[in-house]
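Summary of the model geometry
Listed here are the chains, written in short residue letters.
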Amino acid sequence: MKATYRKLLTLAAALLTAAGFIACQDDQSQEWNDPRLFLPTDLVNFKQDNGLVVRWGISYGAAGYRVDLSEDAEFAEIAATQDIPASDGKNYEAVFTGLEEETLYYIRLCALADNEALNSKYLYSEGTTGLMRSVFNEVGYADMTYTSAALSWTEDLGAREILLTATGEADIHRVLSDEEIREMQAVVTDLKAGVKYKASFYVNGELASYVWFTMPQLPEGAILVTNEDDLKTVIEEAPEGAIVLLTAGQTYDYSSETIDLTKAVTVKAAPGGAKPRLYLKSFILGGTTETSSSMPLVRIEGLEVSGLIPSGGQEDLSVQPNDAMFSFDVKNTARDIAVGRLEIADCIIRNYAKGCLASIDYGFHADARIRFDTILADNLLVYDLGRDVDNVNSFLHLCGRTDANDIYCANFIIRNSTFHHLYHGLIEARCWTGIKDQVAAPTAEVTNCTFDYMGLMADGVWTGTKKGGQRYLFEFLGYADKAEITLSHTIVGEVRTNNSNIRPTAFNNATLTCTATFKSIDTAFDSKFTATATNLSSGQTFPKRAEYDFTPTTDYANFFGNGDPRWQ
């Protein structure tokens, strides 16, 4: 019986194996006497500009391969097709160019036999194209006025005119001169403010490259000033919600004057050139009057702001600069100052002895109160701050000589920015004990930023005698609960802690969450700073840092897409 049982098991196993083999052959539609080709393997695709690259693996015995693209899943119409002959390799590729932009294409692939009836079945996939490669440079705010745009490009495609089109507008054919063709740049005039234009090169009647741009529009009621106007008076006397535009490329020297901010206002660069340069003693939030102020929005945009005090139009780094870009004056006045959002965007901030935001004389009247809902710092280049900290120990410093100051900000957002040569930390927002049970601990979000030379003085600058005590990168002492800090997509280079005012512990009375954030071996914080260690020095992290170029090395793949986007 046992022997018979074993024979039956063996026979059953053989039958199952044969059935599986036959089923496998049936799946491939193959017959040994007249075999149809096996399917190719590993079909993948990816977009390349307004095209697709399709790759796959070998089907043994194939004479070649056919790849079809269609915009419908039934392949009723073929948009493009390629036949790729077989070779000695095991991997194949078909490159499709000139497809419709940002369009979903269905892909099918088969192996070709000498007898078409024996071609393999189709293998299917789908992919979406991107945008056409453009030789045009991006047209930025500085490249435009309200009626003109400066266009430039990186490659001569042979086009001799630029075609500008816009919905509802007549086409503009801008013929290029020989010099413009050599220089690969041209200014187009007679454009309309607020209109979105497409500038195109055509070669042999075919679209070869293009760029979109939207013309700036003068905001209703905006006040355009030149450096011959009294900027201080214009800002202080502007109506609620005013937009004050500084002329591009001009210099404004208010290094010996403060400017009161008591109403909602936006101070920004006009389009058409380099950032206006503003030498400023300080913006006084809430002004110097004895009345309370409520400002839903204070926004500074597109300026280069310096605390230096020029002499004869020349900068002298060895002269003591002004203290802070923003400050308060509430020492002798019982009043409320409320700012909904303080926004600093697309600016260069440099050369202040203390910080970007700090109290003038650190003392608060016992009944004075300052409140911010949100402070936003976006797309900033910040350097040479904190030469003479004197108890102002951060880029944003919301406390004074003692903790008996009723000042509070609920949210800090810092993104797309670079900070270098700061002799102090980033945020210090200690809580006065009198309000610790009335306010929630702040949140701080730092995203896509680059830090280097932190805790180091800039070279050749005046330095004061008061360096303050050691401080943190983030200081939130005194709140009932811990502040929440998120640090994401950020690269941290050299941070000194042994001879400066940044503590080995990066934060105080806070929790820190790091995502896609990286630190060099020169980042001298302790293990609580949970950024990913790269085992690279700051010099290896930023090979051109000595030139103040903080482009991260390409040898460390994880840096891609992280840090300040301006360096990517």
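Refer to the preceding data block for the structure.
I will try to describe carefully the structure that is included in this document.

Rules behind the numbers
- Residues numbered from 1 in each chain as written.
- Predicted model: local features only at pLDDT ≥ 70, side-chain atom pairs only at ≥ 80, totals over all residues.
- Heavy atoms only, no water.
- Pairing = 2+ DSSP bridges.
- Helix = DSSP H or I, 4+ residues; strand = E, 2+ residues; numbered from the N terminus.
- Phe/Tyr/Trp six-rings, centres within 6.5 Å; stacked < 30°, edge-to-face > 60°.
- Buried < 20%, exposed > 50% of the residue type's maximum accessible area, 1.4 Å probe, protein only.
- Lys NZ or Arg CZ within 6 Å of the ring centre and 35° of its normal.
- Axes fitted to C-alpha atoms, helices over the stretch in contact; angles between N-to-C directions.
- Right-handed = clockwise from strand over helix to strand, strands pointing away.
- Core = buried A, V, L, I, M, F, W, Y, C linked by side-chain atoms within 4.5 Å.
- Contact = heavy atoms within 4.5 Å.
- Disulfide = S-S within 2.5 Å.

Section: the pairing of strand S13 (residues 206–214)
For a regular strand, side-chain orientation follows a simple rule: the groups alternate between the two sheet faces. Here strand S12 (residues 196–203) pairs with S13 via 8 bridges, running antiparallel. The residue of S13 that forms the bridge with Phe201 is Ser209. Two successive antiparallel strands, S12 and S13, enclose a turn made up of 2 residues, where Asn204 displays a positive phi of approximately 55 degrees.

Quick word on the packing of aromatic side chains
Ring pairs (aromatic) are described by centroid distance and by the angle formed between their planes. Throughout the structure, instances matching the rule amount to 23 aromatic pairs. On the basis of an interplanar angle of 75 degrees and a centroid distance of 5.8 Å, the ring pair of Phe550 and Trp567 is categorised as edge-to-face. Taken together, the positions of Phe550 in the segment after helix H4 (538–541) and Trp567 in the segment after H4 put the pair 17 residues apart, joining distant regions of the chain. With respect to class, Phe550 is no different from Trp567; both count as buried. Each member of the aromatic cluster is reached from another via a ring pair, and the members are Tyr453, Phe542, Tyr548, Phe550 and Trp567. Here the guanidinium or amino end of Arg108 rests over the ring plane of Tyr122, the centre of that ring lying 4.4 Å away. Positioned above the aromatic ring of Tyr453 is the side chain of Arg545, whose terminal nitrogen or guanidinium carbon lies 4.0 Å from the ring centre.

What to know about the sheet that holds strand S5 (residues 91–96)
The pairing of strands in a sheet happens through backbone hydrogen bonds and is either parallel or antiparallel. Pairing is antiparallel in the open sheet, where 3 strands are placed in the order S1-S2-S5. The strands lining the two open edges of the sheet, one partner per strand, are strand S1 (41–48) and S5. Across this sheet, the average inter-strand angle for adjacent strands is 15 degrees, counted without regard to direction. For S1 and strand S2 (residues 51–57), the ladder comprises 6 bridges, and the chain directions are antiparallel.

Focus: the sheet that holds strand S25 (residues 369–378)
Strand order in the open sheet made by the 10 strands is S14-S15-S17-S19-S22-S25-S28-S31-S34-S37, with parallel pairing throughout. In this open sheet, the two strands that pair with only one neighbour each are strand S14 (223–225) and strand S37 (510–515). If you compare each strand with its neighbour and ignore which way they point, the axes differ by 15 degrees on average. Summarising the sheet, strand S17 (residues 265–269) and strand S19 (residues 293–301) pair through 4 bridges and their orientation is parallel. Paired with Val265 across the strands is Val298, a residue of S19.

Let's talk about unusual backbone geometry
A positive phi is found at Asp190, a non-glycine position, where the angle reads about 60 degrees. Locating Asp190 in the fold gives a position in the loop between strand S11 (185–188) and S12. For Asp190, a relative accessible area of 67% translates into the label exposed. For Asp346, which is not glycine, the phi torsion reads 55 degrees and is therefore positive. Topologically, Asp346 is positioned in the loop between strand S22 (336–345) and strand S23 (348–352). Taking relative accessible area as the criterion, Asp346 reaches 29% and is therefore assigned partly exposed.

Regarding the pairing of strand S15 (residues 242–246)
Among the 5 residues in S15, 4 count as buried, and that is most of the element. Pairing between S14 and S15: 3 bridges, direction parallel. Looking at the pairing, Ile223 lines up with Val244 of S15. The β-α-β motif built from S14, the intervening helix H3 (residues 231–237) and the parallel element S15 has right-handed crossover chirality. Strand direction decides the pairing type here: S15 and S17, joined by 5 bridges, are parallel. Paired with Leu246 across the strands is Ala269, a residue of S17.

As for the nonpolar core
Buried together is how nonpolar side chains tend to be arranged in soluble globular proteins. The biggest cluster of nonpolar side chains holds 83 residues, and the ones touching the most others in it are Phe326, Phe372, Phe395 and Phe476. In terms of residue count, the dominant contributor to this core is strand S28 (residues 407–415) (6 residues). Beyond its immediate chain neighbours, meaning those up to four positions away, Phe326 contacts Leu261, Ser282, Phe283, Leu285, Ile300, Leu342, Ile344, Cys356, Leu357 and Ala358. In this structure, Trp153, Val188, Val195 and Tyr197 belong to the second largest nonpolar core, which totals 23 residues.

Brief notes about the state of the cysteines
Taken as a whole and assessed by the stated rule, the structure comprises 0 disulfides. Its sulfur unpaired, Cys399 is 11 Å from the next cysteine sulfur, which belongs to Cys431. For Cys399, a relative accessible area of 4% puts it in the buried group. Unpaired in terms of disulfides, Cys409 finds its nearest cysteine sulfur in Cys356, a separation of 12 Å. With relative accessibility at 1%, the residue Cys409 sits in the buried group.

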